Amino acid sequence: MHILTFANNKGGVGKTTSALSVAHRLAELGKQVLFIDADPQANASTAAGLPTEHPHLGLALAEGEGVPTLASLCYPLSTGLSMVRSARIMAQQEKGFGNAPDYQFFFRHQLAEVASRFEYVIVDTAPNLGPLTVSALVASEAVFIPLQPNLFGSEGMTALIEMVARLKRNFNPQLRVGGIFFTKYSPTYRKALHHQYARDLQADPALAALIMQQTIRENVSLDEAQSMQRAIYDWAPNSNGAADYRSLTDEILTRLS
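Novice: Break down the overall build of the protein for me, citing the residues and quoting the values.
Specialist: Helix and strand content of the protein: 10 helices and seven strands. Its C-alpha atoms put the protein at 55 × 40 × 35 Å along the principal axes. Among the 257 residues that make up the protein, the fraction classed as buried is 54%. Long-range pairs, those at least 24 residues apart, make up 78% of the contacts in the protein between residues at least 6 apart in sequence. Accessible surface, the protein as shown: approximately 11,300 Å² in total, 50% of it carbon and sulfur. Computing the positive centroid from 21 side-chain charges and the negative centroid from 23, the protein places the two 5 Å apart.

Novice: Just give me the short version of unusual backbone geometry, but keep the residues and values in it.
Specialist: Negative phi is the rule for most residues except glycine; trans is the rule for most peptide bonds. Phi is positive for Lys 184, which is not a glycine, with a value near 50 degrees. Locating Lys 184 in the fold gives a position in the loop between β7 (176-182) and α7 (192-203). Of note, Gln 229 is a non-glycine position whose phi angle comes to about 55 degrees, a positive value. Inspection of the secondary structure assignment puts Gln 229 in the loop between α8 (220-227) and α9 (232-235). Classification of Gln 229 by relative accessible area gives partly exposed; the value is 44%.

Novice: Explain the sheet that holds strand β1 (residues 2-6) to me, and be specific about the residues and the numbers.
Specialist: Read from one edge of the open sheet, seven strands run β3-β4-β2-β5-β1-β6-β7, paired in mixed fashion. For this open sheet the edge positions go to β3 (75-78) and β7, each flanked by a neighbour on one side alone. Pairwise comparison of adjacent strand axes, ignoring direction, gives a mean angle of 25 degrees for this sheet. Bridging between β1 and strand β5 (residues 120-125) involves five bridges; their strand directions are parallel. Considered in β5, the bridge of Ile 3 is made with Val 121. Helix-sheet contacts for helix α1 (residues 15-28) involve β1, β2 (33-38), β3, β4 (81-84), β5, β6 (142-147) and β7, and the interaxial angle to β5 is about 165 degrees.

Novice: Quick one: what's the story with the environment of Ile 3, residue by residue and with numbers?
Specialist: Mapping Ile 3 onto the fold places it in strand β1. Look at Ile 3 and you get buried, because its relative accessible area is 10%. Along the backbone, Ile 3 and His 24 are 21 residues apart, and their C-alpha atoms lie at a distance of 15 Å. Contacts of Ile 3, omitting those with residues within four sequence positions, involve Leu 111, Val 121, Ala 139, Ser 140, Glu 141 and Ala 142.

Novice: Which residues make up the pairing of β5, and what values go with them?
Specialist: A large share of β5 lies buried, amounting to six of its six residues. Sheet topology places β2 next to β5; six bridges connect them, and they run parallel. By the bridge assignment, Val 33 is partnered in β5 with Tyr 120.

Novice: Requested: an account of the pairing of β1, with residues and values cited.
Specialist: For β1, the tally of buried residues reaches four of five residues, placing the bulk of the element in the interior. Of the pairings in the sheet, the one linking β1 to β6 comprises three bridges and is parallel in character. Following the sheet pairing, Leu 4 is matched in β6 by Ala 142.

Novice: With reference to specific residues and values, describe the nonpolar core.
Specialist: Generally speaking, soluble globular proteins have nonpolar side chains that are buried together. Core analysis: the biggest nonpolar cluster contains 48 residues, and Leu 34, Ile 36, Leu 57, Phe 107, Leu 111 and Ile 180 have the highest contact counts within it. Looking at this core, the element that brings in the most residues is helix α5 (residues 131-139), giving six residues. In this structure, Ile 180 is in contact with Ile 145, Leu 147, Met 157, Ile 161, Leu 207, Leu 210, Ile 211 and Met 212, ignoring residues within four places of it in sequence. In this structure, Ala 23, Ala 27, Leu 81 and Phe 144 belong to the second largest nonpolar core, which totals 34 residues.

Novice: Which residues make up α5, and what are the values?
Specialist: Across the nine residues of α5, eight count as buried, placing the element largely inside the fold. Listed in full, the buried residues belonging to α5 are Leu 132, Thr 133, Val 134, Ser 135, Ala 136, Leu 137, Val 138 and Ala 139.

Reading the values: the criteria
- For every chain, the first residue of the written sequence is number 1, and numbering continues from 1 onward in sequence order.
- With pLDDT at 70 or above as the cut-off, local features in this predicted model cover only qualifying residues; side-chain atom pairs require 80 or more to be listed or tallied, and sums for whole chains, interfaces and linings still use all residues.
- The side-chain figures draw on all heavy atoms in the structure; neither hydrogens nor water molecules are used.
- The helix and strand labels rest on DSSP assignments: H or I over at least four residues marks a helix, E over at least two residues marks a strand, and numbering proceeds from the N terminus.
- Residue burial is assigned from relative accessible area. The probe radius is 1.4 Å, only protein chains are included, and a residue is buried under 20% of its type maximum, exposed over 50%, and partly exposed in between.
- Two residues qualify as a contact provided that any one of their heavy atoms is within 4.5 Å of a heavy atom in the partner residue.
- Method for areas: the Shrake-Rupley scheme with a 1.4 Å probe, in which residue coverage is limited to the protein chains shown.
- The charge count includes Lys and Arg as positive and Asp and Glu as negative, but it does not include His or the ends of the chains.
- Working definition for charges: the position is that of NZ of Lys, CZ of Arg, CG of Asp or CD of Glu.
- Strand pairing is defined by DSSP finding a minimum of two bridges between the two strands.
- Between N-to-C directions, angles cover 0 to 180 degrees, with each direction set by a line fitted to C-alpha atoms, over the stretch in contact for helices.
- Nonpolar cores are built from buried Ala, Val, Leu, Ile, Met, Phe, Trp, Tyr and Cys residues. Side-chain atoms within 4.5 Å join them into one set.

This is the structure in structure tokens:
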């Protein structure tokens, strides 16, 4: 079972859109996929149309008897794709969760119970490096980082990469940065400053091998699909958004192999 986290210490970079689009594409390719919305903003859960009465991830963060397991929270979303939803109350629950002595291993232990059911687990995280993000990274094989090539996006990425190095050293020797991909960007755009940031990152010897070939262009169809609670491949299969995320998923699979 491949456990992949999408993260960046910066909001508005297309993290949730990317995580959901890759999960839907993997399911479309015939894989058995579990999507975990570990972001208390719950944007992925809303975009996927999960019923709000279904139990959410925050219920599993408590300690004691009668606490549901992550396995029991899986909701069948479509053929090949199940989801564990988030809820805004998790922002409060996460604070207590972070005080547990072994919170870092929550996802690792919980996901061990579903290893026979899924081939891929995709975790969407909050735009910070809080306890849930840490736990997701400790369980993961790789983290993929969506990035807008600008100053603030780069600073968020740097903080995340430093966190990955610490977690790799202390908790998860297998963890690696699977790749960094540019969002809301294309080499053909007339945005000179963005191109300069992209070139600078590609020229950095520590990052060059991590920069992925596929970029995600701005595309209104991606926003429309989420507002309609549909996968981009169903809503606008011929759109730039669908094409970009098909190619990104292919590149992720190549990097994992």
